[in-house]
Amino acid sequence: DSYHSTLNTAGGLTTLALGDSVPRFQQAFLSTAEQSLILYNGRTFSKYHPSTGESSAAVSVTPTESISLWTVTGSPDGHYFGHFSDKSYVIRRGSDLTVVRNMDIDAYNGFNFVLSSVSLSDNGLIGVTDHSNNLKLFDTGTGQKVFEKRFEPGYFLRRVMLSPDGRNLALMVNDYGL
């Protein structure tokens, strides 16, 4: 263990040092409306309130074992967060950890996991990239795919990041055509 943990939040990096009473976590998201942290550790999501040092609203989940930790994602303001359970992407509210929707976001090709990134916006838009050079956008309100674009060979889509309002996106791409 180290003497501090660095938390990647929408507003930048927050460092928590020894003496802070933050419970152990593998992934965390800042919920700006409530000034709390949504913590993920193993099979449990919980809310931690730094002002009081108390945890609340814990919920146990059954994560997909073969999926990497990076697939546990949160929106910039913590309004939504998502994780995989079986082959569904589960969207939850940051305020009370309740399920908003279970979605198929084209994460699997048969039994193989094919996504290279997942991003959530504050308004419930989900952006994904996959190993076949596809960028896809899904609407959590309707559960539908709203956009899909396949990129030409020579490019490798590595990551998508949605803006908080879902109106803009940034792509990390390897360009093998240079």
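In the block above lies the structure referred to throughout.
Residue indices follow the written sequence of each chain, beginning from 1 at its first position. Per-residue local features of the predicted model are confined to residues with pLDDT of at least 70, and side-chain atom pairs are confined, for both listing and counting, to 80 or more; whole-chain, interface and lining totals are unaffected and use all residues. Values reported for side chains reflect all heavy atoms of the structure, with hydrogen atoms and water molecules removed beforehand.

Student: Help me understand the pairing of strand S4 (residues 36–41), please; the structure alone is not making it clear to me.
Tutor: The side chains of a regular strand alternate between both faces of the sheet. Throughout this description, buried means an accessible area under 20% of the type-specific maximum (1.4 Å probe, protein chains only), exposed means over 50%, and partly exposed covers the range between. Counting from the N terminus, the helices are DSSP H or I runs at least four residues long and the strands are E runs at least two residues long. Counting buried residues in S4 gives five out of six residues, a clear majority hidden from the surface. Paired strands are those between which DSSP finds at least two bridges. Pairing between strand S3 (residues 27–31) and S4: five bridges, direction antiparallel. Following the sheet pairing, leucine 30 is matched in S4 by leucine 37. Here S4 folds back onto strand S5 (residues 44–49) in antiparallel fashion, the turn holding two residues, of which glycine 42 has a positive phi close to 70 degrees.

Student: Just checking my understanding: could you explain the nonpolar core for this structure?
Tutor: Side chains of nonpolar character tend, in soluble globular proteins, to be buried together. By size, the foremost hydrophobic cluster in this structure holds 14 residues, and its most contacted members are Tyr89, Ile91, Ile105, Leu115, Ile126 and Val128. Among the elements of the structure, strand S8 (80–85), strand S9 (88–93), strand S13 (115–120) and strand S14 (125–130) are those that each provide at least two residues to this core. Ranked by residues supplied to this core, first place goes to S13 with three residues. The contact criterion used throughout is that any non-hydrogen atoms of two residues lie within 4.5 Å. Setting aside residues up to four positions removed in sequence, leucine 115 forms contacts with Trp70, Phe84, Ile105, Asp106, Ala107, Val128, Thr129, Asp130 and His131. Only buried Ala, Val, Leu, Ile, Met, Phe, Trp, Tyr and Cys residues count toward a nonpolar core, and they belong to the same one when joined by side-chain atoms within 4.5 Å.

Student: What should I look at first to understand the environment of asparagine 174 in this one?
Tutor: For asparagine 174, the location among the structural elements is in strand S18 (residues 169–175). The exposure class assigned to asparagine 174 is partly exposed, which follows from its relative accessible area of 21%. Between the C-alpha atom of asparagine 174 and that of glycine 154, which follows or precedes it by 20 residues, the distance is 8.1 Å. Not counting residues up to four positions away in its chain, the partners in contact with asparagine 174 are Gly154, Tyr155, Phe156 and Arg158. Looking at asparagine 174, its side chain comes within polar contact range of the side chain of tyrosine 176, at 3.0 Å. Pairs of N or O atoms are called polar contacts if they sit within 3.5 Å, as long as, within protein, a hydrogen donor faces a hydrogen acceptor (for residues adjacent in sequence, only side-chain-to-side-chain pairs).

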